[in-house]
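Results of the structural survey
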Amino acid sequence: MDMPLWMSISYVGGLSVISELFALACFSLVRRWGEVVPEWIPVFGGRRVPPYLAIVPAAIGGLVLTAVLIAWVLTTFEIAGFARDRFDNLWWGVLAVSTSGLFALCGPMVLAMTYAYYRRRRHPKG
């Protein structure tokens, strides 16, 4: 990309902040504060979090990230006409594929956490 340095720094910084916010949101699926709003938060502190307030966005995010996984597989293994950039040598390619592959696994992991949250928060039968 051909952009000024200040724009590149803002872009990367913004992506970092957004990814941390998403990670924190996923963390709420496995911690108590995903079930009850912490006491220190004004107005809403101590109230129960409605389950679908967490389940719906997490499921949508997990499905979007799973679509990224599918695109990654098609591109990495050059399936169905998809192609990827060539690297200067094999080791750069291995590094790129292994690190991006770890990110691509986030979708199924978020879906698994969402399902576990749903099972934990659903009303007991009986």
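The paragraphs below set out a description of the structure included in this document. From a predicted model like this one, the values you see are computed outputs, not experimental measurements.

**Section: unusual backbone geometry**
- Phi at glutamate 78 is positive, roughly 50°, even though this residue is not glycine.
- Relative to the helices and strands, glutamate 78 is located in the loop between helix H2 (51–76) and helix H3 (90–104).
- Its identity as a non-glycine residue notwithstanding, alanine 80 has a phi of 60°, on the positive side.
- With respect to the helices and strands, the residue alanine 80 is situated in the loop between H2 and H3.
- Judged by its relative accessible area of 69%, alanine 80 is exposed.

**A few points about the packing of aromatic side chains**
- For the structure shown, the criterion picks out 3 aromatic pairs.
- Plain terms: the ring middles of phenylalanine 27 and tryptophan 33 are 6.1 Å apart, the flat faces sit at 55° to each other, and that makes the pair tilted.
- Taking the relative accessible area as the measure of exposure, phenylalanine 27 reaches 42% and is therefore partly exposed.
- Relative accessible area serves as the criterion here: at 34%, tryptophan 33 is assigned to the partly exposed category.
- Ring centres of tryptophan 72 and phenylalanine 77 lie 6.2 Å apart, and the angle between their planes is 85°; this geometry places the pair in the edge-to-face category.

**A few points about the side chain of arginine 121**
- Summarising the element assignment, arginine 121 is placed in helix H4 (residues 106–121).
- Look at arginine 121: it is buried, it has no salt bridge, and the nearest opposite charge is glutamate 35 at 4.9 Å.
- Side chain to side chain, arginine 121 and tyrosine 117 meet in a polar contact 2.7 Å long.
- Once residues within four sequence positions are removed from consideration, arginine 121 is found in contact with Gly34, Glu35, Arg48, Val49 and Pro51.

**Thoughts on the environment of proline 57**
- If you trace the backbone, proline 57 turns up in helix H2.
- Residue class for proline 57 comes out partly exposed when judged on its relative accessible area of 49%.
- Linking proline 57 and arginine 121, residues 64 residues apart in sequence, is a C-alpha distance of 16 Å.

Conventions used here
- Residues numbered from 1 in each chain as written.
- Predicted model: local features only at pLDDT ≥ 70, side-chain atom pairs only at ≥ 80, totals over all residues.
- Heavy atoms only, no water.
- Helix = DSSP H or I, 4+ residues; strand = E, 2+ residues; numbered from the N terminus.
- Buried < 20%, exposed > 50% of the residue type's maximum accessible area, 1.4 Å probe, protein only.
- Phe/Tyr/Trp six-rings, centres within 6.5 Å; stacked < 30°, edge-to-face > 60°.
- Lys, Arg positive; Asp, Glu negative; His and termini not counted.
- Salt bridge = Lys/Arg side-chain N within 4 Å of Asp/Glu carboxyl O.
- Polar contact = N/O pair within 3.5 Å; in protein donor to acceptor, adjacent residues only side chain to side chain.
- Contact = heavy atoms within 4.5 Å.

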